[in-house]
Amino acid sequence: MRKNDKLWMIILFCLFSLMLLASPAFADASAVAASDGHAWWFWPLVLLIVTFIMGVVAVLAGVGGGVLFVPIISGFFPFHLDFVRGTGLLVALSGALAAGPGLLKLNLASLRLAIPVALIASTCAIIGAMIGLALPTNIVQICLGATILGICALMLTAKKSEVPDVPKADKLSSMLHIYGVYQEASTGEIVDWKVHRTPMGLALFVLIGVMAGMFGLGAGWANVPVLNLLMGAPLKISVATSKFLLSITDTSAAWIYMNKGCVIPMMVVPSLVGIMLGSFVGVRLLKIAKPGFIRWMVIGILAFAGIKALSKGLGF
Amino acid sequence: MAEKENISLEATPEQLLYAKLLEKGMYIGLLILLITFGLYAFGVMDPYIPLDKISHYWNMNVNDYLHHANIKAGWAWVGMLKYGDFVNFIGIAILAGITILCYAAIIPTLLKNDDKVYAVLALLEVIILTIAASGILGAGGH
């Protein structure tokens, strides 16, 4: 890690903690909230610290911050699921906005692949958000718990293929000119890629969009397997396009949550700062960390959070 | 439209334009969000919901929150920008809105390249995202 980066991160983290602690109400004895016995700044500060750790872990485990945020924050923090989902979408959106421009410039994220997929996913994310906000909270909790457990199963079983074999591009992808080339940085090899099974892939993005909007989870966990394993895009192109795709899918759902009133800045800003700073640190820790162990740890935490969401929804 | 034989390692002009705009919007949105949050948390601007009362609201569902705090949903926050908490919505709206601008910006380039199918898809995306942002899809509680 460069000295300057370290310094900036420490400064930003300290400044942020200071913002919360130096607020006028901090010094005031009446700042102690009646609802849970903690001062008002307690939970935002814990949120900042937890999302920072989440940002580090998410990078090391190769998952998006959004998929960790909603189950963990809704399971262990006093915030209502409505606000957690709204914040979760903005967290996933910010991560995608931060990564998107670089990935597009490097031509790793493919705009041609993303545009048709995003149109379907973002439209369905609106529908998902509206369904999620119309359903009773306990039903959403149950569905969220089941989805999180499904994600754990997917993480345990899904394989990845660096450059899948695509014998022939399908008619739709040929018509839409969805193909490209990229240079593999480690070997210098030029990889020529195309996709197949596009109609089936697009159909699956209906489901992915609905789930992203309904639970505010982001959808990288589902985007990558569909783009890589089903449609046959190389892993690098799939991961990069998926990350960029979130900036579009989550935009549509985020607006629905925002317009419904599910955004509380005191939750959103510490979460965004925490997860972004955590991601910076995570990227730098990748060289020395053991991603295998961390991935198992994340699956364990997610499984626990999924069971907690289920039990909350079922009223146990 | 680019033919397969002419595929380049470089990103297409519309992809680069999209990336540039997205990057600018992201930085502007984040910067504004950090500044406004500073104004809010340091008490430079008075919040609509006092800081020591905020924890009474975040465990309510959104309907109860809006009702008890007497807040209107949708774009009503624009009329409440004098408050420290609501001024944060400027940065959030920029982050959530920049994608619409990016899509709108690439349409002329797509048309110039005679890429009509993608121009139509981009236009449809602008319409979808604008509808979502407009608040006409059921803002005001459920």
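Residues numbered from 1 in each chain as written. Chains lettered and ligands numbered in written order. Predicted model: local features only at pLDDT ≥ 70, side-chain atom pairs only at ≥ 80, totals over all residues.

1. Side note on the nonpolar core
Counting residues in hydrophobic clusters, the biggest one holds 151 residues, and the most contacted among them are Leu93 of chain A together with Ile92 of chain B. Contact partners of Leu93 of chain A, with chain neighbours within four places excluded, come to Leu246, Ser247, Asp250, Thr251 and Ala254 of chain A together with Leu95 and Ala96 of chain B. (Core = buried A, V, L, I, M, F, W, Y, C linked by C-beta atoms within 7 Å. Buried ≥ 20, exposed ≤ 12 C-beta atoms within 10 Å, placed from the backbone. Contact = placed C-beta atoms within 7 Å.)

2. Comments concerning unusual backbone geometry
Although it is not a glycine, His177 of chain A adopts a positive phi angle of roughly 55°. With respect to the helices and strands, the residue His177 of chain A is situated in the loop between α7 (171–175) and β1 (179–183). Classification of His177 of chain A as partly exposed rests on a count of 18 C-beta atoms within 10 Å. At Asp114 of chain B, a position not held by glycine, the phi torsion is positive, near 60°. Tracing the backbone through its elements, the reader meets Asp114 of chain B in the loop between α4 (89–112) and α5 (116–134). Judged by local crowding, Asp114 of chain B falls into the exposed class, with 8 C-beta atoms found within 10 Å. (Helix = DSSP H or I, 4+ residues; strand = E, 2+ residues; numbered from the N terminus.)

3. Focus: the interface of chain B and chain A
Facing the 59 residues of chain B at the interface are 67 residues of chain A. Secondary-structure elements contributing two or more residues to the side of chain B that touches chain A are α1 (13–41), α2 (62–69), α4 and α5 of chain B. The element best represented in the side of chain B that touches chain A is α1 of chain B, accounting for 13 residues. Broken down by class, the residue content of the side of chain B that touches chain A amounts to 38 nonpolar, 14 polar and 7 charged. (Nonpolar A, V, L, I, M, F, W, Y, C, P; charged D, E, K, R; others polar.)

4. Side note on α4 of chain B
Residue and element names in this part refer to chain B. When the terminal C-alpha atoms of α4 are compared, their 36 Å separation across 24 residues agrees well with the 34 Å that a helix rising 1.5 Å per residue should span. Its maximal kink placed at Gly97, α4 deviates by approximately 40°. Of the residues flanking the end of α4, it is Asp114, one or two places downstream, whose phi is positive at about 60°. (Expected span 1.5 Å × (residues − 1). Bend = angle between axes of the 7 residues up to and from the residue.)

5. Overview of the confidence of the model for chain B
In the predicted model, chain B carries a mean pLDDT of 91, and 92% of its residues have values of at least 70. Mean pLDDT across the secondary structure elements of chain B bottoms out at α1 of chain B, with 94, and peaks at α5 of chain B, with 97. (pLDDT = per-residue confidence, 0-100.)

6. Focus: the environment of Thr241 of chain A
Residue and element names in this part refer to chain A. Mapping Thr241 onto the fold places it in helix α10 (residues 235–260). Exposure remark for Thr241: the 27 C-beta atoms within 10 Å place this residue in the buried category. Apart from the residues within four sequence positions on either side, Thr241 is in contact with Ala109, Ser110, Leu113, Ala114, Leu227 and Ala233.

7. Regarding the packing of helix α3 (residues 65–76) of chain A against helix α4 (residues 81–105) of chain A
Residue and element names in this part refer to chain A. Here α3 crosses α4 at 160°, and the two axes come no closer than 8 Å. Looking at the two axes, α3 sits roughly antiparallel to α4. As for the relative orientation of α3 and α4, their crossing is right-handed in sense. Contacts between α3 and α4 involve Gly65, Gly66, Phe69, Val70, Ile73 and Ser74 from the former and Leu81, Val84, Arg85, Gly88, Val91, Ala92 and Gly95 from the latter. (Axes fitted to C-alpha atoms, helices over the stretch in contact; angles between N-to-C directions. Parallel < 35°, antiparallel > 145°, perpendicular 65-115°, else oblique. Left-handed = near helix turned anticlockwise from the far one by under 90°.)

8. Details of the pairing of β1 of chain A
Residue and element names in this part refer to chain A. Across 5 bridges, the pairing between β1 and strand β2 (residues 190–194) is antiparallel. By the bridge assignment for β2, Gly180 is matched with Trp193. Between β1 and β2, which follow one another and run antiparallel, lie 6 residues, and Gly188 among them has a positive phi close to 80°. (Pairing = 2+ DSSP bridges.)

9. Here we look at the confidence of the model for chain A
All names here are of chain A. Looking at chain A, pLDDT values average 86 and 88% of them are 70 or higher. For chain A, per-element mean pLDDT is lowest for helix α1 (residues 3–21), which scores 62, and highest for helix α5 (residues 111–134), which scores 96. In this model, residues 29–34 is a region of pLDDT below 50 whose contacts with residues beyond four sequence positions or in other chains number 13 contacts.

10. Observations regarding α5 of chain B
Between its terminal C-alpha atoms α5 of chain B stretches 26 Å, which fits the 27 Å expected from 19 residues at 1.5 Å a residue. Among the residues of α5 of chain B, Tyr118, Ala122, Glu125, Ile128, Leu129, Ala132 and Ala133 of chain B are the ones counted as buried. Relative to the axis of α5 of chain B, the buried residues are bounded by an arc of 130° and lie together on one face. Seen from the open side of α5 of chain B, the exposed residues pointing more than 90 degrees away from its buried face are Lys116 and Ile127 of chain B. Turning to α5 of chain B, the residues buried within the fold contact α5 and α10 of chain A together with α4 of chain B. Positive phi shows up at Gly135 of chain B, right after α5 of chain B, with a value of about 90°. (Arc of directions from axis to C-beta.)

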